[in-house]
Amino acid sequence: MPFFQCDKCKKIFEWDSVSVETCPNCNEKCSFRDVTNYTKDNGGPGNIDTRLIED
Ligand SMILES: [Zn+2]
């Protein structure tokens, strides 16, 4: 499953797709970045690509 990171609270969720507009964690209208790893580097497919995470 893909991973998405909230641009406001930076929490990461595992979702089929981004179908929500309001973040369940911070309850704000947020945009979500796809931080799924699609390459074989840095953990491989199905994992979070830590290089894409903002904190
Ligand atoms: Zn949030």
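Reading the values: rules and limits
- Residues numbered from 1 in each chain as written.
- Predicted model: local features only at pLDDT ≥ 70, side-chain atom pairs only at ≥ 80, totals over all residues.
- Heavy atoms only, no water.
- Helix = DSSP H or I, 4+ residues; strand = E, 2+ residues; numbered from the N terminus.
- Polar contact = N/O pair within 3.5 Å; in protein donor to acceptor, adjacent residues only side chain to side chain.
- Contact = heavy atoms within 4.5 Å.
- Core = buried A, V, L, I, M, F, W, Y, C linked by side-chain atoms within 4.5 Å.
- Buried < 20%, exposed > 50% of the residue type's maximum accessible area, 1.4 Å probe, protein only.
- Salt bridge = Lys/Arg side-chain N within 4 Å of Asp/Glu carboxyl O.

A. Region of the structure containing the side chain of Asn37. Along the polypeptide, Asn37 turns up in the segment after strand S3 (32-34). A polar atom in the side chain of Asn37 sits 2.9 Å from the backbone nitrogen of Thr39. What Asn37 contacts, discounting residues up to four positions off in sequence, is Asn42, Gly43, Gly44, Pro45, Gly46, Asn47, Ile48 and Asp49.

B. A look at the nonpolar core. Listed in full, the 7 residues of the largest apolar core are Phe4, Cys6, Phe13, Trp15, Cys23, Cys30 and Phe32. Phe4 has contacts with Lys11, Ile12, Phe13, Trp15, Ser17, Val18, Phe32, Arg33, Asp34 and Val35, leaving out every residue within four places of it along the chain.

C. Quick peek at the environment of Tyr38. Within the element layout of this structure, Tyr38 appears in the segment after S3. Judged by its relative accessible area of 57%, Tyr38 is exposed. Taking the C-alpha atoms as reference points, Tyr38 and Asp49, 11 residues apart in sequence, are found 8.1 Å from one another. At 3.0 Å, the side chain of Tyr38 and the side chain of Asp34 are in polar contact.

D. Layout of the pattern of salt bridges. In total, this model carries 4 salt bridges according to the counting rule given. Between Lys10 and Glu54 there is a salt bridge, and its shortest N-O distance comes to 3.5 Å. Within this pair, whereas Lys10 is found in the loop between strand S1 (3-6) and strand S2 (12-14), its partner Glu54 is found in the segment after S3, the two being separated by 44 residues in sequence. For Lys10, a relative accessible area of 28% puts it in the partly exposed group. Exposure remark for Glu54: the relative accessible area of 37% places this residue in the partly exposed category. The residue Arg51 makes a salt bridge to Asp49 at a minimum N-O spacing of 3.0 Å. The class of Asp49 is buried, set by a relative accessible area of 7%. Several salt bridges share partner residues, and in doing so they unite Lys10, Arg33 and Glu54 into one network.

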